[in-house]
Amino acid sequence: MYILIALGVTAVMIYILYIRLIKLRNGTLEALSSIDVQLKKRHDLVPNILTIAKKFMEHEEGVLSKVTQMRSISGSDYDKNNPEEVAQHLEANKQLQSAMMNLFAVAENYPDLKSQETMVRAQETYEEVEGHISAARRFYNSSVTDLKNAVEILPSSIIANMLGIKAMPFFEIDEIERKPVSASDIL
Amino acid sequence: MTIEEMRAALHSFDEGGLGPVLDQLEERRKKAFNIFLGVVFLLGFCVFFLILEQGLTELVKFSGAGALLVSFFFYRRMSVIRREAKEKLMPALCDQIGLNYNLHPLSSEIIPYRNLSIIPSYDEMTLEDQISGKVEEIDFNLVEAKLVNVSRDSKGRKSRSTVFQGFLVEFDFHKNFNGETIITKDHTAIGNFLTGWAKKGEKVKLEDPEFERKFEVHSNDQVEARYLLTPLFIERVLKFNRLSSVKQLQMAFKNGRIYMAIKRKGNSFEGGSFNLNDPKLIEKNMQDIALIFDMVKELNLTQETKV
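It should be emphasised that the depicted structure is a prediction, and the values quoted were computed from it without experimental measurement.

Once that is clear, we can look at the overall build of chain B. Helices and strands together make up the secondary structure of chain B, namely 9 helices and 9 strands. Over its C-alpha trace chain B gives a radius of gyration of 24 Å, far above what one expects of a compact globule, namely 19 Å for 307 residues. Along the first, second and third principal axes, the C-alpha atoms of chain B reach 85 × 55 × 30 Å. Across chain B, the fraction of contacts at a sequence separation of at least 24, relative to all contacts at a separation of at least 6, is 69%. On chain B, roughly 16,400 Å² of surface is accessible, and the fraction owed to carbon and sulfur atoms is 56%.

Right, dumping it as structure tokens:
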């Protein structure tokens with residue numbers, strides 16, 4: 001009788017841990033989707049900025065082509081359930097952000113471009129989108145922390161191992177990217 | 001007008017035509033007080049005389065009720081004079097910095113705050129002192145509220161307790177958003193668990209430990225909540241919450257606006273009880289108005305860098 005009760009309690013506990021893990025994994029995937037929604041906005045906005053910039057920055061072929069290249073890589077499909085592919089996807093988007101910051105820094109050297117009404121509005125929209133990406137990144141990282149704790153701490157780590165649930169990578173911004181860009185450092 | 005210009009205009013407030021008006025009110029207050037003392041003395045003397053000389057000891061029973069009645073009439077008279085002083089002073093102060101003042105706001109002003117659950121439940125409310133206008137092109141609307149809960153004990157005796165006294169203020173917010181994000185006081189783990197069922201939206205866990213200790217955030221959009229509550233804005237909220245003039249802050253974002261319920265100590269924007277022409281009284285009202293500038297400045301509501 002006691003053995004049956006003990007088995008019953010164990011089964012219930014395992015089931016609760018299983019539910020929690022699945023919820024955390026789904027929560028992280030949801031947070032990843034919300035990042036993708038915001039990254040897609042940036043992805044769609046970049047060509048508009050490039051079109052305006054090209055008119056004034058003919059001699060900055062390297063800067064412009066880097067943005068185009070990173071946009072193409074960051075927009076590739078990936079498997080959301082595969083942490084390595086997620087990490088590559090996030091890294092590619094970090095590189096795109098970096099290329100865009102470089103573009104805006106170089107654009108400082110072109111007063112005609114800076115004063116263009118369309119460029120001013122495009123830059124404002126870009127800043128707004130970056131704000132949303134940053135917010136989505138914080139939501140994602142918060143979800144990743146919860147999942148990582150559950151996957152690495154006993155006893156849920158055993159269930160996670162059995163189910164093949166892995167921790168997802170953080171979406172971090174490098175320290176150098178947090179700092180305001182100085183045009184003189186780049187030129 | 002910038003905040004600094006508004007502050008300067010407020011402090012250079014010249015009583016001008018207001019001085020004689022306040023002096024006249026102070027004279028009336030003194031006169032009313034002297035009449036009160038005279039009546040108390042006269043009645044006291046008569047009662048004392050009748051009791052001692054005529055032996056009308058039953059008068060003792062009525063003397064207490066009589067004293068209460070006289071005090072009540074005096075209190076009413078003083079309230080009218082105080083209110084008059086306030087009605088003269090507050091519109092003049094607000095006008096000085098281009099703001100509008102209304103002594104009796106509509107009771108509907110409280111509805112958004114009640115719907116957003118950033119004020120406690122109440123049985124009775126008093127709204128007064130509505131100040132509205134623009135501070136550095138930011139639209140705002142402020143009302144002073146006092147919310148009271150009425151309860152009855154086992155014998156049916158009524159008791160009143162103030163559950164909120166302070167400012168209800170809304171500002172235009174500089175970011176575009178569609179959802180609803182509510183920031184309330186943290187009631188510790190058990191309290192949050194018990195009150196959590198009544199909260200709208202999901203709990204939002206933020207990175208700042210101090211903010212997490214002091215506030216609970218709920219939103220129907222996790223990403224939007226973090227878009228609004230950036231690490232920098234969180235710091236500003238904490239700094240504003242530390243001001244001595246703020247007892248407790250609760251806030252919400254909805255329809256492009258930020259709503260704040262700021263619990264404060266005592267009544268604000270008052271005409272004073274004694275010395276109605278005292279410059280300190282004007283200074284106190286100026287300090288109350290200046291809290292509006294602190295809100296805009298500390299929370300950086302005018303900035304457009306979206307952080």
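Of the residues lining the interface, 13 residues belong to chain B; the matching set on chain A comes to 11 residues. Taking both partners together, chain B and chain A bury about 1,100 Å²; carbon and sulfur atoms supply 53% of that area. In terms of surface lost to chain A, no three residues of chain B exceed Val223, Arg226 and Tyr227 of chain B, which account for 52% of the buried area on that side. A salt bridge links Glu207 of chain B to Arg138 of chain A, with the shortest nitrogen-to-oxygen separation between them at 2.7 Å. Counting the contacts that link chain B with chain A gives 5 residue pairs in polar contact (both at pLDDT 80 or more). Elements with a contribution of two residues or more to the side of chain B that touches chain A: helix H7 (222-228) and helix H8 (231-241) of chain B. Per-element tally for the side of chain B that touches chain A: the top contributor is H7 of chain B, with 4 residues.

Below, the discussion takes up the environment of Thr181 of chain B. Residue and element names in this part refer to chain B. Checked against the element boundaries, Thr181 lands in strand E5 (residues 181-185). Counting along the chain gives 44 residues from Thr181 to Ala225, while the straight-line C-alpha distance between them is 5.9 Å. With near-sequence residues (within four places) excluded, Thr181 lies in contact with Val217, His218, Ser219, Ala225, Leu228, Leu229, Met251, Ala252 and Phe253.

The next point concerns the sheet that holds strand E8 (residues 248-254) of chain B. Residues and elements named next belong to chain B. Strand order across the open sheet formed by 9 strands is E1-E2-E3-E4-E9-E8-E5-E7-E6, with antiparallel pairing between neighbours. At either margin of the open sheet sits one strand with a lone partner, and together these are strand E1 (100-102) and strand E6 (202-204). Here the average twist between neighbouring strands, direction ignored, is 20 degrees. Here 7 bridges tie E8 to strand E9 (residues 257-263), and the two strands are oriented antiparallel to one another. Paired with Gln250 across the strands is Ala261, a residue of E9. Here H8 sits on the sheet and contacts strand E7 (215-219), E8 and E9; the angle it forms with E8, its principal contact strand, is near 145 degrees. Sitting on the sheet, helix H9 (residues 279-298) is in contact with strand E2 (124-135), strand E3 (138-152), strand E4 (158-172) and E9, with an inclination near 50 degrees to E4.

What follows covers the pattern of salt bridges. Residue and element names in this part refer to chain B. Counted under the stated rule, the structure contains 25 salt bridges over all chains. Close ionic contact of Arg157 with Asp153 constitutes a salt bridge, the shortest N to O distance being 3.0 Å. Owing to a relative accessible area of 34%, Asp153 belongs among the partly exposed residues under this scheme. Look at the salt bridges and you will find they share partners, linking Arg83, Lys86, Glu128 and Asp129 into a network.

So, on to the packing of helix H1 (residues 3-11) of chain B against H9 of chain B. All names here are of chain B. Contact geometry of H1 with H9 gives a least axis separation of 11 Å together with a crossing angle of 180 degrees. If you check the angle between H1 and H9, you find them roughly antiparallel. Contacts from Ile3, Glu4, Met6, Arg7, Leu10 and His11 of H1 reach H9 at Glu283, Met286, Ile289, Ala290, Phe293, Asp294, Val296 and Lys297. Residue classes in the contact of H1 with H9 are distributed as 8 nonpolar, 1 polar and 5 charged.

Looking now at helix H1 (residues 2-56) of chain A. For H1 of chain A, spanning 55 residues, the distance from its first C-alpha to its last is 81 Å, which sits close to the expected 81 Å at 1.5 Å a residue. Where H1 of chain A bends most, the angle comes to about 25 degrees, and this point is Leu45 of chain A, followed within four residues by the proline Pro47 of chain A.

Attention shifts here to the domain arrangement of chain B. Residues and elements named next belong to chain B. Here chain B is partitioned into domain 1 (1-98) and domain 2 (99-307). Measuring from the centre of the C-alpha atoms in domain 1 to the corresponding centre in domain 2 gives 32 Å. If you look at the interface, domain 1 gives 30 residues, while domain 2 gives 30 residues. Buried surface at the junction of domain 1 and domain 2, summed over both partners, amounts to about 2,700 Å²; 67% is from carbon and sulfur atoms. A per-residue breakdown of the area domain 1 buries against domain 2 is headed by Ile3, Lys86 and Met90, which together make up 22% of the total. In this structure, the connection of domain 1 to domain 2 is made through 3 salt bridges. Residues Asp129 and Lys86 are paired through a salt bridge, measuring 3.0 Å at the closest nitrogen-oxygen approach. Seen at the junction of domain 1 and domain 2, the total is 5 residue pairs in polar contact (both at pLDDT 80 or more). For the side of domain 1 that touches domain 2, the secondary-structure elements that each account for two or more residues are H1, helix H2 (18-54) and helix H3 (59-96). For the side of domain 1 that touches domain 2, the residue count by class is 16 nonpolar, 3 polar and 11 charged.

We now examine the nonpolar core. Counting 66 residues, the largest nonpolar core has Ile131, Phe171, Phe253, Met260, Ile289 and Met295 of chain B as the members making the most contacts within it. The residues that make up this core include at least three from each of domain 1 (1-98) and domain 2 (99-307) of chain B. When residues no more than four places from it in sequence are discounted, the contact partners of Met295 of chain B are Leu142, Phe167, Val169, Phe171, Phe240, Met260, Ile262, Asn300 and Leu301 of chain B. Membership of the second largest hydrophobic core comes to 51 residues, among which are Ala53, Ala99, Ala122 and Met168 of chain A.

Aromatic ring pairs are reported here in terms of the distance separating the ring centres and the angle at which the planes meet. All names here are of chain B. Applying the stated criterion across every chain, the model contains 15 aromatic pairs over all chains. Taking the centre distance of 6.1 Å and the plane angle of 65 degrees together, the rings of Phe72 and Phe73 count as edge-to-face. Given a relative accessible area of 45%, Phe72 falls into the partly exposed group. The exposure class of Phe73 is exposed, given its relative accessible area of 55%.

Before going further, it helps to examine the packing of H8 of chain B against H9 of chain B. Residue and element names in this part refer to chain B. Put simply, H8 and H9 touch, their axes get as near as 9 Å, and they point 155 degrees apart. Between H8 and H9, the angle falls in the class roughly antiparallel. H8 and H9 meet at a crossing whose hand is right-handed. Facing Arg236, Lys239 and Phe240 of H8, the residues of H9 in contact are Leu291, Asp294, Met295 and Glu298. Of the residues contributing to the contact of H8 with H9, the split by class is 3 nonpolar, no polar and 4 charged.

The rules behind each value
- For every chain, the first residue of the written sequence is number 1, and numbering continues from 1 along that sequence.
- Throughout, the order in which chains and ligands are written sets their labels, letters from A for the former and numbers from 1 for the latter.
- Totals for whole chains, interfaces and linings use every residue, but because this is a predicted model, local features are given only for residues with pLDDT of at least 70 and side-chain atom pairs only at 80 or more, for both listing and counting.
- Side-chain measures here rest on the full set of heavy atoms in the structure, leaving out hydrogens and waters.
- We count a stretch as a helix when DSSP gives it H or I for four or more residues in a row; a strand needs E for two or more, and each element gets its number in order from the N terminus.
- C-alpha atoms define the radius of gyration, and 2.2 Å times the number of residues to the power 0.38 defines the globule rule.
- Pairs of residues are marked as contacts when any of their non-hydrogen atoms sit within 4.5 Å.
- Only the protein chains shown count as covering a residue, and every accessible area follows the Shrake-Rupley method with a 1.4 Å probe.
- When two parts are brought into contact, each loses some accessible area as probed by a 1.4 Å sphere; the total of that loss over both is the buried area.
- Here, a salt bridge means any Lys or Arg side-chain nitrogen found within 4 Å of an Asp or Glu carboxyl oxygen.
- Pairing of N or O atoms within 3.5 Å defines a polar contact, subject to two protein rules: one partner must be a possible hydrogen donor and the other a possible acceptor, and residues neighboring in sequence count only if both atoms are side-chain atoms.
- The criterion for strand pairing is that DSSP finds at least two bridges linking the strands in question.
- For helices, the axis comes from a line fit to the C-alpha atoms of the stretch in contact; other axes are also lines fit to C-alpha atoms, and the angle between any two N-to-C directions lies between 0 and 180 degrees.
- Categorising residues by exposure relies on relative accessible area from a 1.4 Å probe, with only protein chains included: less than 20% of the type maximum marks a residue as buried, more than 50% marks it as exposed, and the intermediate range marks it as partly exposed.
- Oblique is the label for any angle not covered by the other classes, which are roughly parallel (under 35 degrees), roughly antiparallel (over 145) and roughly perpendicular (65 to 115).
- Only Asp, Glu, Lys and Arg are considered charged in this grouping, and only Ala, Val, Leu, Ile, Met, Phe, Trp, Tyr, Cys and Pro are considered nonpolar; every other residue, Gly among them, is considered polar.
- Here, expected helix span is obtained from the residue count minus one, scaled by 1.5 Å.
- Note on bend: the value at a residue is the angle between axes fitted to the seven residues ending there and to the seven starting there.
- Segmentation of the chain into domains, including their bounds, is taken from an automatic or database domain assignment.
- The nonpolar core is taken to be a set of buried Ala, Val, Leu, Ile, Met, Phe, Trp, Tyr and Cys residues, with the residues joined through side-chain atoms within 4.5 Å.
- Aromatic contacts are taken between Phe, Tyr and Trp rings whose centres are within 6.5 Å, Trp giving its six-membered ring; a plane angle under 30 degrees counts as stacked, one over 60 as edge-to-face, and the others as tilted.
- By the definition used in this description, the sense in which the near helix is turned from the far one sets the handedness, with an anticlockwise turn below a right angle giving left-handed and a clockwise turn giving right-handed.

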